[in-house]
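Single-letter residue listing:
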Amino acid sequence: MKSIQVYKILKKITPRFFAKIFRNVVYLPEYDELSMKATNPYIEDSDVYVYDNSPIKVGIIYGRMQYHKYWIAACRHFSISYQIIYLERNDWLEQVQSSGCSVYVVWPDISTLETKQMFDERLRIMEQELKVDIYPSIKEIWLYENKRVQYYWLKSNHFPVINTHVFYNCKEAVNYLKNANYPVVLKSNLGASASGVYIVEDRRKAIKMVKKFIHFGFKLKRKSANKKQKGSVYIQDYLTDLKEWRMVRIGDSFFGHGKDMKGQFHSGSGSANWNMPPQKAFELLKEITEVGGFSSMDVDIFEDKNGDLFVNELQTVFGNSIAKEQMKIDGVAGRYILEDNNWVFEKGSFCENHLCNLRLQYILERKTCEK
């Protein structure tokens, strides 16, 4: 594609400091999409790929940020036929209805609020009205990067969470802050890697920020020129001396490892450790995924100094730029599986293509059982 070639040339000749300043001032979603396309090795390939003797055909939902490339890689690894579906286009219904796919796989795009809403709406129509199979499930996708809904779901199902309040009424939020213990944590509803998280130690500053967020909008730190999120505010107690565990379930495979801190945050730290989570963290992961019917879920769990656990976030897909593997014991990569209610460690590498190989393997096994 000529546009990608031009992008690569401009990136090469533009001073890095200038590009960074420019991107903090000007919001260009088309530029972001183009820059990510340059990282997709399949971008110039056909949208339809057919393998002889493929047991199913997979519909891969296109995402502007190009994370669907991991689904493409997984399909090619297993020689599974696939077709790219462009959900954002006006003819999305016709694409789905004429594709003949057995299942539609998704890496939800949250590049903008509008894109997140579009994915949630159109995928729900696909599942509930067209009766097609979507993976991860609609519930998992709906919860993805939606802190309010995650909190409501966890709280309503009686899972342990840090004391949290979601306000839509500014006066109510201000009254709460007047008597709150500080510091407090303010969060945007949408925003990964702590880009929408603020730890505020001063009452006056917190009240000022909440008024601004509700009435005028909430900007993400890493996209300062992006559209603002406004109308509500998410306020959470601040706990000290926390460990964080990344707990993952894909099908019947379970993983867990520690997350290091960067400054005041675990999310977005870019650093993992191989400390072994306590067994009760695996039990909590199992309970959450079984109650929700989740088969592709990362449950980030805090552990306080007393050993009490609190669920921080739920993410149905996530990157593995921090670490390719999701669990190691004595330096050996592997996973846990359950045998007769006992956790059994199985050595091996199970996390290729950001775990999309493992996800697709689970889909194929499920489809085989349905026949």
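Before reading on, note that the structure itself is shown above.
Predicted model, so just to flag it, every value in this text is computed and none were measured. (Residues numbered from 1 in each chain as written. Predicted model: local features only at pLDDT ≥ 70, side-chain atom pairs only at ≥ 80, totals over all residues. Heavy atoms only, no water.)

**Regarding the overall build of the chain**
Now for step 1: A tally of regular secondary structure across the chain gives twelve helices and 17 strands.
Now for step 2: Here the chain, with 371 residues, has 51% of them falling under the buried criterion.
Now for step 3: Within the chain, counting contacts between residues at least 6 apart in sequence, those at least 24 apart form 67% of the total.
Now for step 4: Carbon and sulfur atoms make up 49% of the accessible area of the chain, which amounts to about 18500 Å² in all. (Helix = DSSP H or I, 4+ residues; strand = E, 2+ residues; numbered from the N terminus. Buried < 20%, exposed > 50% of the residue type's maximum accessible area, 1.4 Å probe, protein only. Contact = heavy atoms within 4.5 Å. Areas by Shrake-Rupley, 256 points an atom, 1.4 Å probe, with all protein chains shown as cover.)

**Some thoughts on the nonpolar core**
Now for step 1: Of all hydrophobic cores here, the largest spans 59 residues; its most connected members are Val58, Ile60, Trp71, Ile288, Leu314 and Leu360.
Now for step 2: If we ignore the near neighbours within four places in the chain, the residues touching Val58 are Cys75, Ile80, Ser81, Tyr82, Gln83, Cys101, Val103, Val105 and Leu360.
Now for step 3: Core analysis: the second largest hydrophobic core is formed by 19 residues, Ala180, Val200, Ile214 and Phe218 among them. (Core = buried A, V, L, I, M, F, W, Y, C linked by side-chain atoms within 4.5 Å.)

**Observations regarding the sheet that holds strand E1 (residues 48–49)**
Now for step 1: Strands sit in the order E1-E3-E2-E4-E5 across an open sheet of five strands; the sheet is mixed. In this open sheet, the two edge strands, each paired with only one partner strand, are E1 and strand E5 (134–135).
Now for step 2: Relative to strand E3 (residues 81–85), E1 runs antiparallel, the two sharing two bridges. Directly across from Val48, in E3, lies its bridge partner Gln83. (Pairing = 2+ DSSP bridges.)

**Thoughts on helix H9 (residues 170–178)**
Now for step 1: For H9, the set of buried residues is Cys170, Ala173, Val174, Tyr176 and Leu177. The buried residues of H9 all sit within an arc of 160° when viewed along its axis, so they share a single face.
Now for step 2: Packed against the buried residues of H9 are strand E6 (164–167), strand E7 (184–187), helix H10 (203–215) and strand E9 (233–237).
Now for step 3: If you check the start of H9, you find a side-chain oxygen 3.0 Å away from the backbone N of Lys171, and it comes from Asn169. (Arc of directions from axis to C-beta. Polar contact = N/O pair within 3.5 Å; in protein donor to acceptor, adjacent residues only side chain to side chain.)

**Thoughts on the packing of helix H4 (residues 69–77) against helix H12 (residues 356–370)**
Now for step 1: Put simply, H4 and H12 touch, their axes get as near as 8 Å, and they point 60° apart. With respect to H12, the element H4 is oriented oblique. Considering how the two elements wind past one another, H4 and H12 form a crossing that is right-handed. Contacts between H4 and H12 involve Tyr70, Trp71, Ala73, Ala74, Cys75 and His77 from the first element and Cys356, Asn357, Arg359, Leu360 and Ile363 from the second. (Axes fitted to C-alpha atoms, helices over the stretch in contact; angles between N-to-C directions. Parallel < 35°, antiparallel > 145°, perpendicular 65-115°, else oblique. Left-handed = near helix turned anticlockwise from the far one by under 90°.)

**Overview of the environment of Phe159**
Now for step 1: The residue Phe159 is located in the loop between helix H8 (147–156) and E6 in this model.
Now for step 2: By relative accessible area, which is 6% here, Phe159 ends up buried.
Now for step 3: Linking Phe159 and Leu284, residues 125 residues apart in sequence, is a C-alpha distance of 8.6 Å.
Now for step 4: For Phe159, the residues in contact, after removing those within four places along its chain, are Trp153, Leu154, Leu284, Glu287, Ile288 and Val291.

The values are spatial; any link to function lies outside them.
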